[in-house]
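For reference, the chains in residue letters:
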Amino acid sequence: MAITLGAIADDFTGATDLANNLVRGGMRCLQVIGVPKEDINLNEIDAVVIALKTRSCTVNEAIADSLQAAAWLRAQGAKQLFFKYCSTFDSTDKGNIGPVADALLDELKASQTVMVPAFPINGRTVYQGHLFVGDRLLNDSGMQHHPLTPMKDADLVRVLSHQTPHKVGLTNHTVLALGAEATRAHLASLEEQSVRHVVCDTLDEHNLDILAEATVQFPLVTGGSGLGQALPAQYRNQGWLDSINEPGRLQPASGSALILSGSCSRATLAQVANFLERYPDSGFALDPLSLAKDDKQWKQALAFALENVSRNAPTLIYASAEPANVGIAQKILGRERAGALVEEALSQLAIVLVDKGVGRLVVAGGETSGAVTSALGITALHIGEQIDPGVPWTQTALENSKAYLSLALKSGNFGEVNFFTKAFEVLP
Ligand SMILES: Nc1ncnc2c1ncn2[C@@H]1O[C@H](COP(=O)(O)OP(=O)(O)OP(=O)(O)O)[C@@H](O)[C@H]1O
Ligand SMILES: O=C(O)[C@@H](O)C(=O)CO
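What counts and how
Residues numbered from 1 in each chain as written. Chains lettered and ligands numbered in written order. Predicted model: local features only at pLDDT ≥ 70, side-chain atom pairs only at ≥ 80, totals over all residues. Heavy atoms only, no water. Helix = DSSP H or I, 4+ residues; strand = E, 2+ residues; numbered from the N terminus. Contact = heavy atoms within 4.5 Å. Areas by Shrake-Rupley, 256 points an atom, 1.4 Å probe, with all protein chains shown as cover. Lys, Arg positive; Asp, Glu negative; His and termini not counted. Charge placed at Lys NZ, Arg CZ, Asp CG, Glu CD. Near = heavy atom within 4 Å. Polar contact = N/O pair within 3.5 Å; in protein donor to acceptor, adjacent residues only side chain to side chain. 1 Å grid on protein atoms, 1.4 Å probe; cavity = no way out; pocket = protein on both sides within 12 Å on 5 of 7 lines; lining within 4 Å. Sits in = over half its atoms within 2 Å of the grid points. Patch = residues over 30% accessible without salt bridge, like charges linked within 9 Å, V, L, I, M, F, W, Y side chains within 5 Å. Salt bridge = Lys/Arg side-chain N within 4 Å of Asp/Glu carboxyl O. Buried < 20%, exposed > 50% of the residue type's maximum accessible area, 1.4 Å probe, protein only. Points joined across faces, edges and corners; volume = space filled by probe spheres on them. Domains from an automatic or database assignment. Nonpolar A, V, L, I, M, F, W, Y, C, P; charged D, E, K, R; others polar.

Student: Give a description of the overall build of the protein chain that names residues and reports values.
Tutor: The secondary structure content of the protein chain amounts to 15 helices and 18 strands. Along the three orthogonal principal directions, the C-alpha set of the protein chain runs to about 65 × 45 × 35 Å. Restricting to contacts in the protein chain with at least 6 residues of sequence separation, those with at least 24 account for 74%. Looking at the protein chain as shown, the accessible area adds up to about 17300 Å², and 49% of this sits on carbon and sulfur atoms. Of the charged side chains in the protein chain, 33 are positive and 45 negative, and the gap between their average positions amounts to 4 Å.

Student: Explain the site of ligand 2 to me, using residue names and the numbers behind them.
Tutor: Every residue near ligand 2 is listed here: D11, T13, G14, D17, R55, K84, Y85, C86, S87, S411 and F414. A distance of 2.6 Å separates an oxygen atom of ligand 2 from a polar atom in the side chain of D17. In this structure, an oxygen atom belonging to ligand 2 sits 2.9 Å away from a side-chain N or O atom of K84. Protein chains shield 96% of the accessible area of ligand 2, which is 270 Å² for the free molecule. The cavity that encloses ligand 2 is the second largest pocket. Considering each element in turn, the shell around ligand 2 owes the most residues, three residues, to helix 1 (residues 12–24).

Student: An account of a negative patch on the surface is needed here, citing residue identities and associated values.
Tutor: A grouping of D204, E205, D209 and E213 is seen on the molecular surface, where their side chains present a negatively charged patch. Its place among the elements puts E213 in helix 7 (residues 205–215). The class of E213 is partly exposed, set by a relative accessible area of 35%.

Student: For the pattern of salt bridges, give the residues involved together with the corresponding values.
Tutor: Going through the model one piece at a time under the given rule, you end up with 15 salt bridges. We note a salt bridge from K53 to E343, for which the minimum N-O separation is 3.3 Å. Highlighted residues: K53 in the loop between strand 3 (47–51) and helix 2 (59–75) and E343 in helix 13 (residues 335–355), separated in sequence by 290 residues. Relative accessible area serves as the criterion here: at 32%, K53 is assigned to the partly exposed category. Residue E343 is classed as buried on the basis of its relative accessible area, which comes to 16%. Residue R278 pairs with E425 through a salt bridge whose shortest N-O separation is 3.9 Å. Taken together, the residues R278 in helix 9 (residues 266–278) and E425 in helix 15 (residues 419–426) connect sequence positions 147 residues apart.

Student: Give a description of the layout of surface pockets that names residues and reports values.
Tutor: Estimates place the volume of the largest pocket at around 1200 Å³. Taken together, 45 residues form the lining of the largest pocket, with L30, T379, A380, H382 and T396 sitting closest to its centre. The set of elements that each furnish at least two residues to the lining of the largest pocket consists of helix 1, strand 2 (29–33), helix 13, strand 16 (380–388) and strand 17 (391–397). Viewed by domain, the lining of the largest pocket spans two of them, domain 1 (5–238) and domain 2 (256–426), each represented by three or more residues. Residue lining of the second largest pocket: 45 residues in total, with H146, P147, G262, S263 and C264 positioned closest to the centre. Counting residues per element, the ones that place at least two in the lining of the second largest pocket are helix 1, helix 10 (288–293), helix 12 (323–333), helix 13 and helix 14 (366–375). Across the lining of the second largest pocket, the residue classes tally to 16 nonpolar, 19 polar and 10 charged. Among the domains, domain 1 (5–238) and domain 2 (256–426) are the pair contributing at least three residues each to the lining of the second largest pocket.

Student: How would you summarise unusual backbone geometry if you had to cite specific residues and measurements?
Tutor: Here the amide bond leading from G95 into N96 is cis, since omega sits at 10°, within 30 degrees of zero. Along the chain, N96 falls in the loop between strand 4 (80–84) and helix 3 (97–108). Look at N312: it is not a glycine, yet its phi comes out positive at around 60°. Its place among the elements puts N312 in the loop between helix 11 (296–310) and strand 14 (316–318).

Shown next as structure tokens:
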């Protein structure tokens, strides 16, 4: 059976975020990790989200992986493609948002797409093309210190203009206030002026509904998961979906609980602090400088985690650190090596600990989640209970065993301050 929506997400937490909102919009959604190599059963599936790790890789790799994903999704009959990136527009002057959007437009022989990163329920809004996180401009929100994609400019038209040779325009809130028809007409007039990428203001969820209605016929839309929650109703209006589906039930969770955090975002730092305040003896800090020396610290972390989980105690292994400390590690090791050391250490811990019976795993950070999920060889995730907006529990069948792994992939800046304890409370 043909799917309605095919989505390409540039990181793994972003993929679960979008899949979660599509499910909440009433679609039956499967998340797959990378482009499937074998046939998968898409019976009773309306949307597939392919999770890639293309946010921080080279532009050429990001384009190649995204085009491969697009080809697969189109072969499954997807009526619309959705390029999902971060609600904080995480990217650099080189890309990868602009170049990937351009490549997808070329592939689809389409001349325009919209850029809708907003996710109002999580405080991401766009006003006059400027991205806000809560009441702060993006460049003053903590994102200016991001270890891999520091965001130092909130003006998305300007940011994107550095990433594409094509014209970038704006559809602002005054146009949206006139409704979907006027918005569609405005987009069409920009298209006549060869504006290929249109950054869209979004003040609230009503604006997302207008944008979804105005763009439902676009071959490609791009943005955050907010637009994903608004689109399913439009697919139903088009007759592409005939029912509203309830989120599916996951198998009961089992096995011990573990949190791995490689996110240095503000929200994660507060969540780590909150967890450690509650369970002062249950956290182990990794430091990239020690990891670079030898495997002593990694072995200590493993021993700590094994001992803790065997007592069923809550366990957090984290490299999350304040910007100043991240800066020191990056200065000495280089940004990429520091990140890779942490990702490798957490991934190797996940492999051993899942093998030893961890069945409920929270991973914080998009890159970190990508590394851990890939290392565990996970290929598909079913979406379950939402912990906080943008972060659901997911579940996968473990290979070579009858057990299921419950997995929550938390975007760096998502989740309430008590997320690491709340996560296990909402898990059935
Ligand atoms: N102490 C540290 N020093 C240097 N780099 C670190 C440190 N701790 C983590 N990192 C690296 O920082 C990067 C954090 O990116 P990641 O995407 O995992 O988190 P995030 O940006 O907060 O999440 P998201 O992308 O979901 O917003 C990872 O590559 C991680 O390995
Ligand atoms: O859109 C977001 O903010 C998240 O889904 C994400 O992509 C963070 O990595």
